[in-house]
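The primary structure of each chain is shown beneath.
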Amino acid sequence: MTRRLIIEADGGSRGNPGPAGYGAVVRDADTGQVLAEVAEAIGRATNNVAEYSGLIAGLRAAERMSERPADTSVEARMDSKLVVEQMSGRWKIKHPDMIPLAREARELASRLGSLRYTWVPRAQNAHADRLANEAMDAAAKGGTWRSSSGDVDEPDPEPEPARKPAAWSAPTSAPTTTLLLRHGETPLSGERRFAGTGDFPLTDTGMAQAKAAAYALTGRGIDAIVTSPLSRCQDTASEIATAVGAMTRVEEGFRETDFGEWEGYTFAEVQERWPAEMKSWLADPSVAPPGGESFADTARRVTTARDKLLVRYRHQTVLVVSHVSPIKMLLRDALLAPMAALYRMHLDVASLSAIDWYDDGPAVVRSFNDTHHLR
C-alpha cells in the first residue's frame, strides 16, 4: 500500500547572503500528523541556498519515515516559486550554487515512489518558516536548534523511557563511512603557516607520510577516494589509490579555506599585522580574513560536498583527502558542536579520523587525529 507524505520546507537568510538556516516538516498526508521536524543553521548563505537546503533535509526526513521509500508518494510544499519551478523542470537552473543542490534533491527524490512540487503562499508554510528562524536564532546565540516539542519521529505503540543520546542508539542501517585524511607535510605546514588555496607541494617528508598512510589503509575496504583539488591532497590521494586500487574523484567543496592576505604568515605574524581583523575572525565565523573566505562559507560548501558524497557512495567506505578546516567542519557537524569547537581541535599532517553517517540521522565519530601509522 502506498504511503502518502507531505513535506513543508523553507529557508531564509538574514542579509541575502547572511546568516542562514532552514526548516522542514514531514506530515502524514491522510491525518496531518507531524512525523518529523528538522532545522539547522548553515552559516552564511543566500535565501535560495537555504531554501534548497530545507528541501533536501525534508526529503531525507521523508525517506527516514518510510519503511519502503519506493512505495511512498510525497508532495513537497514550498513558498519559494524559484525552487518549485526549477525542481518541476519548468525553469532552468543557471546559478552555480544551485546546480549541485538541485542534483542532490533529484537523487533523493529518485528513491521515492513519486514526488510532486506545490507552491503555497508564505502563510501556509508558517511551520517550516518558524523552524528556520528558530535555527538562525539559536545559532546567533552560539547554540544549536532543538525541537520545542521534543524529538518527533514515528510514534511508538507504548511510551518509552528517556532516550539515550542518538549516537548511542542502535543504528537502523549500515553506515556510510568517511575516513578523513589530512594531506602530508608541505613547506608551510612544517612552519605552521596559513596555507589556504595556494597550491603548495608535498615535501619529501610529506610524500613519505602519504606512503605510510597508504600502507595503513590497505585492507580497510575503501570503495572510493574523494580529494580536494589542491595538489598536496591529490598527490597524497594518488599514493593511497595505487595501494588500495580505488578510483579517485576530485571534489571542489573539500578544498581548504581561502585565508586571503594571511596566506603564508604564521599565527603570530597575523596577530601583529592584523590585530583587529584577527580578533574579529576568532570571535565570529562569518568574518573572513582580508580578501579571503569565512569559516561560515567554508562550512556551507563542505556540507554540500558531504551531502553529495553520502548520496553517491551510500553505505560504502570513502576516503576523503582534505585539509584542516574541512575535516574539522565534518567532525564538528558529526558531534553537533558549535563553530567555536573548531578552535579546540588539533589535526596533525597525514592524520586520520573516521565518521560513520547513518541514514536515520545520527553520526558517530570513530577516531580522531590518529597518527600511529607515522611512527
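These notes cover the structure that comes with them. What you see is a predicted model; the values in this text were computed from it and never measured.

The rules behind each value
- Residues numbered from 1 in each chain as written.
- Predicted model: local features only at pLDDT ≥ 70, side-chain atom pairs only at ≥ 80, totals over all residues.
- Heavy atoms only, no water.
- Helix = DSSP H or I, 4+ residues; strand = E, 2+ residues; numbered from the N terminus.
- Rg over C-alpha atoms; globule rule 2.2 N^0.38 Å.
- Buried < 20%, exposed > 50% of the residue type's maximum accessible area, 1.4 Å probe, protein only.
- Contact = heavy atoms within 4.5 Å.
- Areas by Shrake-Rupley, 256 points an atom, 1.4 Å probe, with all protein chains shown as cover.
- Lys, Arg positive; Asp, Glu negative; His and termini not counted.
- Charge placed at Lys NZ, Arg CZ, Asp CG, Glu CD.
- Expected span 1.5 Å × (residues − 1).
- Salt bridge = Lys/Arg side-chain N within 4 Å of Asp/Glu carboxyl O.
- Patch = residues over 30% accessible without salt bridge, like charges linked within 9 Å, V, L, I, M, F, W, Y side chains within 5 Å.
- Pairing = 2+ DSSP bridges.
- Axes fitted to C-alpha atoms, helices over the stretch in contact; angles between N-to-C directions.
- Left-handed = near helix turned anticlockwise from the far one by under 90°.
- Parallel < 35°, antiparallel > 145°, perpendicular 65-115°, else oblique.
- Nonpolar A, V, L, I, M, F, W, Y, C, P; charged D, E, K, R; others polar.

A count of helical and extended segments in the protein chain gives 11 helices and 11 strands. Computed over C-alpha atoms, the radius of gyration of the protein chain comes to 21 Å, within 12% of the 21 Å expected from 2.2 N^0.38 for 375 residues, which places it in the range of a compact globule. Considering the protein chain as a whole, with its 375 residues, one finds that 50% of them fall into the buried category. Long-range pairs, those at least 24 residues apart, make up 71% of the contacts in the protein chain between residues at least 6 apart in sequence. Accessible surface for the protein chain amounts to roughly 17600 Å². Of this, 50% is attributable to carbon and sulfur atoms. The averaged location of the 51 negative side-chain charges in the protein chain is 2 Å from the averaged location of its 44 positive side-chain charges.

A few words now on helix H4 (residues 126–140). With 15 residues, H4 should cover 21 Å at 1.5 Å per step; its first-to-last C-alpha distance of 21 Å lies within 8% of that length. Looking only at H4, the buried set comprises His127, Ala128, Leu131, Ala132, Ala135, Met136 and Ala138. Looking at the buried residues of H4, the elements they touch are strand S1 (3–13), strand S2 (18–28) and strand S3 (34–45).

Here the focus is the pattern of salt bridges. Think of it this way: side chains of opposite charge can pair up when their charged atoms draw near. For the coordinates displayed, the defined rule picks out 25 salt bridges. Residues glutamate 75 and arginine 77 are paired through a salt bridge, measuring 3.2 Å at the closest nitrogen-oxygen approach. Glutamate 134 is the salt-bridge partner of arginine 130, the closest N and O atoms lying 2.8 Å from each other. Taken together, the residues span about one helical turn, with arginine 130 and glutamate 134 both in helix H4 at a distance of four residues. On the basis of relative accessibility, which here comes to 23%, the residue glutamate 134 falls in the partly exposed class. Overlapping salt bridges, with partners in common, bring together Asp10, Asp79, Arg122 and Asp129 in one network.

What follows concerns unusual backbone geometry. Following asparagine 16, the chain continues to proline 17 via a peptide bond in cis, the omega torsion being 5 degrees. By the element assignment, proline 17 lies in the loop between S1 and S2. Relative to the helices and strands, asparagine 16 is located in the loop between S1 and S2. With a relative accessible area of 41%, asparagine 16 lands in the partly exposed category. Its identity as a non-glycine residue notwithstanding, histidine 315 has a phi of 65 degrees, on the positive side.

A word on a nonpolar patch on the surface. On the surface, Phe267, Leu282 and Tyr343 cluster together into a nonpolar patch covering about 240 Å² of accessible area. With respect to the helices, strands and loops of the structure, phenylalanine 267 is situated in helix H8 (residues 267–273). Residue classification places phenylalanine 267 among the partly exposed positions, given a relative accessible area of 36%.

To continue, consider the sheet that holds strand S9 (residues 317–322). Neighbouring strands of a sheet are bound in pairs by backbone hydrogen bonds; such pairs are parallel or else antiparallel. Spatial ordering of the open sheet is given by S8-S7-S9-S6-S10-S11, a layout of six strands whose pairing is mixed. Among the strands making up the open sheet, the edge pair consists of strand S8 (248–250) and strand S11 (363–370). Direction aside, neighbouring strands of the sheet carry axes that sit 20 degrees apart on average. Across six bridges, the pairing between strand S6 (residues 176–182) and S9 is parallel. The residue bridging leucine 180 from the neighbouring strand is valine 320, located in S9. Strand contacts of helix H7 (residues 231–244): S6, strand S7 (224–227), S8 and S9, with the helix running at about 175 degrees to S7, the strand carrying the most contacts. Sitting on the sheet, helix H10 (residues 295–312) touches S6, S7, S8, S9 and strand S10 (352–357), and the angle it makes with S6 is about 135 degrees.

Right, let's get into the packing of helix H6 (residues 204–217) against H7. If you want to describe how two helices pack, look at the angle between their axes and the distance between the axes. In contact at an axis separation of 8 Å, H6 and H7 are set at 35 degrees when each is read in the N-to-C sense. Classified by chirality, the crossing of H7 by H6 is right-handed. Two secondary-structure elements touch here, H6 through Met207, Ala210, Lys211, Ala213, Ala214 and Leu217 and H7 through Thr236, Glu239, Ile240, Ala243 and Val244.

Its 12 residues place the ends of helix H3 (residues 98–109) 16 Å apart at the C-alpha level, agreeing with the 16 Å of an ideal helix rising 1.5 Å per residue. For H3, the full list of buried residues reads Met98, Pro100, Leu101, Ala102, Glu104, Ala105, Leu108 and Ala109. Contact partners of the buried residues in H3: helix H1 (47–64), helix H2 (81–87), strand S5 (114–119) and H10.

Turning next to the side chain of histidine 183. Relative to the assigned elements, histidine 183 resides in the loop between S6 and helix H5 (187–190). Classification of histidine 183 as buried rests on a relative accessible area of 4%.

Interaxial distance between H1 and H3 falls to 10 Å at its minimum, and their mutual angle equals 15 degrees. Taken together, the axes of H1 and H3 are roughly parallel relative to one another. Handedness of the H1/H3 crossing: left-handed. Contact residues: Asn48, Val49, Tyr52, Leu55, Ile56, Leu59, Arg60 and Glu63 in H1; Met98, Leu101, Ala102, Glu104, Ala105 and Leu108 in H3. A per-class count over the contact of H1 with H3 returns 10 nonpolar, one polar and three charged.

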